[in-house]
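Commentary on secondary and tertiary structure
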Amino acid sequence: MSVSQSCNNLDGGCGIFASDPDAYEVFKEVLHPVIKDYHKVAEIKHTKPDFGDFNNLGFGDLDPSGEFIVSTRVRVGRSHASYGFPPVVNAEERKEMEKISVDALNSLEGELKGTYYSLETMTPEENQQLIDDHFMFKNDDRFLRDAWVYKDWPINRGIFFNHNKTFLCWVNEEDHLRLISMQKGGDLAAVWERLVNAIQDMEKKLTFAHHDQLGYLTFCPTNLGTTCRASVHIKIPKLAAEPDFKEFCDKLNLQSRGTYGWYTENVGGVYDISNKRRLGLSEIEAIQEMRRGVEEIIRREKALQGK
């Protein structure tokens, strides 16, 4: 286990990371109470993966008029079953993970077909442009830094994206893989279907760490389970100004962040709204919970605007 980051950062939300997938069983006496407390569950129990029936999702575009939702994004984390997490993985293992990950990514076809860009070979200008476009991860998070996530940076790290930049994959950041589907507007169904297709194609090539009671395993215990974070950037200036805004989101099992994530301010009344729960429900249930919450947020914003 890794607790070094919590010693240096007392304001962290969790304070502990797993050293490898096996740690969730070997150190369960320590990790399971933390997981139950963070995820607000009475017992360690997770459902089987269920991504839903694309022919009967029950949702499409959450904001057809384009008045409120700026963009929609859904991501999942995945860990290679036979490799450790950042504090314990060595340079040779990270190189192996990059190779098998890139081989799998390069096998994607159709809409998902794209190109892998290594952090080692891209120019500083190319890297900065991807950061400015909010595609590329960085190495400036103090929590991850003190958890040894940036060890040997930037070696054997990179990003894959399709030609439309609607599907991305981060390789060897906090998690071994972060699969991301995103696009402008509120078409959650399109974003979700694209991501699930990518997950299922990648599973044909790679073996991911999974636990019957904890779901998919990730470096940070806060992300395990579905590992699914579904979010919208949404313009809600009236609602966000209400004194009960946080409580309103909490009741819907939603998290509100600044425009560019944790510890950032909103820009132009745009907030990042996402599902909060990851453990104890299926992937499609997590998506549906986010969908219902966003629809309620839009209804409340309209009412406050007198519409």
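See the structure above.
Since we're looking at a predicted model, the values are computed, not measured.

**Side note on the pattern of salt bridges**
A pair can form between side chains of opposite charge whenever their charged atoms are brought close. Under the definition given, this model contains 16 salt bridges. For Arg 194, the salt bridge identified is with Glu 111, shortest N-O distance 2.8 Å. Taken as a pair, Arg 194 in helix α7 (residues 188-203) and Glu 111 in the loop between α4 (91-106) and β2 (114-118) lie far apart in primary sequence, 83 residues in all. Ionic pairing is found between Asp 175 and Arg 178, a salt bridge with its closest N-O pair at 3.0 Å. When salt bridges that share partners are traced, they join Glu 174, Asp 175 and Arg 178 into one network.

**As for the nonpolar core**
Formed by 50 residues in total, the largest nonpolar core has its most connected members in Phe 59, Val 74, Phe 167, Trp 192, Ile 234, Ile 273 and Ile 297. No other element matches α7, which puts nine residues into this core. Beyond its immediate chain neighbours, meaning those up to four positions away, Ile 234 contacts Phe 68, Ile 69, Gly 269, Val 270, Tyr 271, Ile 273, Val 294, Ile 297 and Ile 298. By size, the runner-up hydrophobic cluster in this structure holds 20 residues, among which are Ile 16, Ala 147, Ala 209 and Leu 279.

**Points about empty space enclosed by the protein**
As enumerated under the stated definition, the model contains one cavity of 30 Å³ or more in all. Its boundaries defined by the atoms lining it, the largest cavity holds a volume of some 80 Å³. Lining the largest cavity are 13 residues, with Pro 86, Val 89, Arg 94, Asn 172 and Glu 173 positioned closest to its centre. Across the lining of the largest cavity, the residue classes tally to six nonpolar, three polar and four charged.

**A look at the layout of surface pockets**
What the second largest pocket holds in volume is close to 390 Å³. At the level of secondary structure, the elements contributing two or more residues to the lining of the second largest pocket comprise α3 (28-39), α9 (245-251) and β9 (254-257). By residue class, the composition of the lining of the second largest pocket is five nonpolar, four polar and six charged.

**Points about the side chain of Arg 94**
You can see Arg 94 is positioned in helix α4. Once residues lying within four places of it in the same chain are set aside, the contact partners of Arg 94 are Val 89, Lys 151, Asp 152, Ile 155, Asn 156, Arg 157 and Asn 172.

**What about the sheet that holds strand β1 (residues 69-78)?**
Reading across from one edge, β2-β3-β4-β5-β1-β8-β10-β9 is the order of the eight strands in this open sheet, with antiparallel pairing throughout. Each of the sheet's edge strands pairs with one partner strand only, and the pair in question is β2 and β9. Adjacent strand axes in the sheet meet at a mean angle of 20°, parallel and antiparallel pairs treated alike. In this sheet, strand β8 (residues 229-235) lies alongside β1 in antiparallel orientation, the contact comprising six bridges.

**Observations regarding helix α10 (residues 283-304)**
An ideal rise of 1.5 Å per residue puts 32 Å on 22 residues; α10 measures up with 32 Å between its terminal C-alpha atoms. Where α10 ends, the next residue or the one after it, Gly 306, has phi of about 75°, a positive value.

**Quick notes on unusual backbone geometry**
Along the chain, Trp 153 connects to Pro 154 via a cis peptide bond; the corresponding omega equals 0°. Inspection of the secondary structure assignment puts Pro 154 in the loop between α6 (142-146) and β3 (158-162). For Asp 152, which is not glycine, the phi dihedral falls at a positive 60°. Since its relative accessible area comes to 36%, Asp 152 is described here as partly exposed. Its identity is not glycine, yet Asn 156 carries a phi of approximately 60°, on the positive side.

**Observations regarding a nonpolar patch on the surface**
On the surface, a cluster of nonpolar side chains totalling about 250 Å² of accessible area is made up of Val 26, Phe 27 and Val 30. Summarising the element assignment, Phe 27 is placed in the loop between α2 (23-26) and α3.

**Here's the deal with the pairing of strand β5 (residues 177-184)**
Most of β5 sits out of view: six of its eight residues are buried. Sheet topology note: the β1/β5 ladder contains eight bridges and is antiparallel. Paired with Ser 71 across the two strands is Lys 184, which belongs to β5. In this sheet, β5 lies alongside strand β4 (residues 167-171) in antiparallel orientation, the contact comprising five bridges. Looking at β5, one finds that Leu 168 is bridged to Ile 180. Linking β4 to β5, which pair antiparallel, is a turn of five residues; within it Asn 172 sits at a positive phi near 65°.

**Observations concerning the packing of aromatic side chains**
Where two aromatic rings form a pair, the distance of their centres and the angle of their planes describe that pair. Taken as a whole and judged by the stated rule, the model has nine aromatic pairs. A ring pair is formed by Phe 160 and Phe 167, whose centres lie 6.2 Å apart and whose planes are at 65°; its orientation type is edge-to-face. For Phe 167, a relative accessible area of 0% gives the class buried. One aromatic cluster is present, built from ring pairs that chain together Phe 137, Tyr 150, Trp 153 and Trp 170.

What counts, and where the lines are drawn
Residues numbered from 1 in each chain as written. Predicted model: local features only at pLDDT ≥ 70, side-chain atom pairs only at ≥ 80, totals over all residues. Heavy atoms only, no water. Salt bridge = Lys/Arg side-chain N within 4 Å of Asp/Glu carboxyl O. Helix = DSSP H or I, 4+ residues; strand = E, 2+ residues; numbered from the N terminus. Core = buried A, V, L, I, M, F, W, Y, C linked by side-chain atoms within 4.5 Å. Buried < 20%, exposed > 50% of the residue type's maximum accessible area, 1.4 Å probe, protein only. Contact = heavy atoms within 4.5 Å. 1 Å grid on protein atoms, 1.4 Å probe; cavity = no way out; pocket = protein on both sides within 12 Å on 5 of 7 lines; lining within 4 Å. Points joined across faces, edges and corners; volume = space filled by probe spheres on them. Nonpolar A, V, L, I, M, F, W, Y, C, P; charged D, E, K, R; others polar. Pairing = 2+ DSSP bridges. Axes fitted to C-alpha atoms, helices over the stretch in contact; angles between N-to-C directions. Expected span 1.5 Å × (residues − 1). Patch = residues over 30% accessible without salt bridge, like charges linked within 9 Å, V, L, I, M, F, W, Y side chains within 5 Å. Areas by Shrake-Rupley, 256 points an atom, 1.4 Å probe, with all protein chains shown as cover. Phe/Tyr/Trp six-rings, centres within 6.5 Å; stacked < 30°, edge-to-face > 60°.

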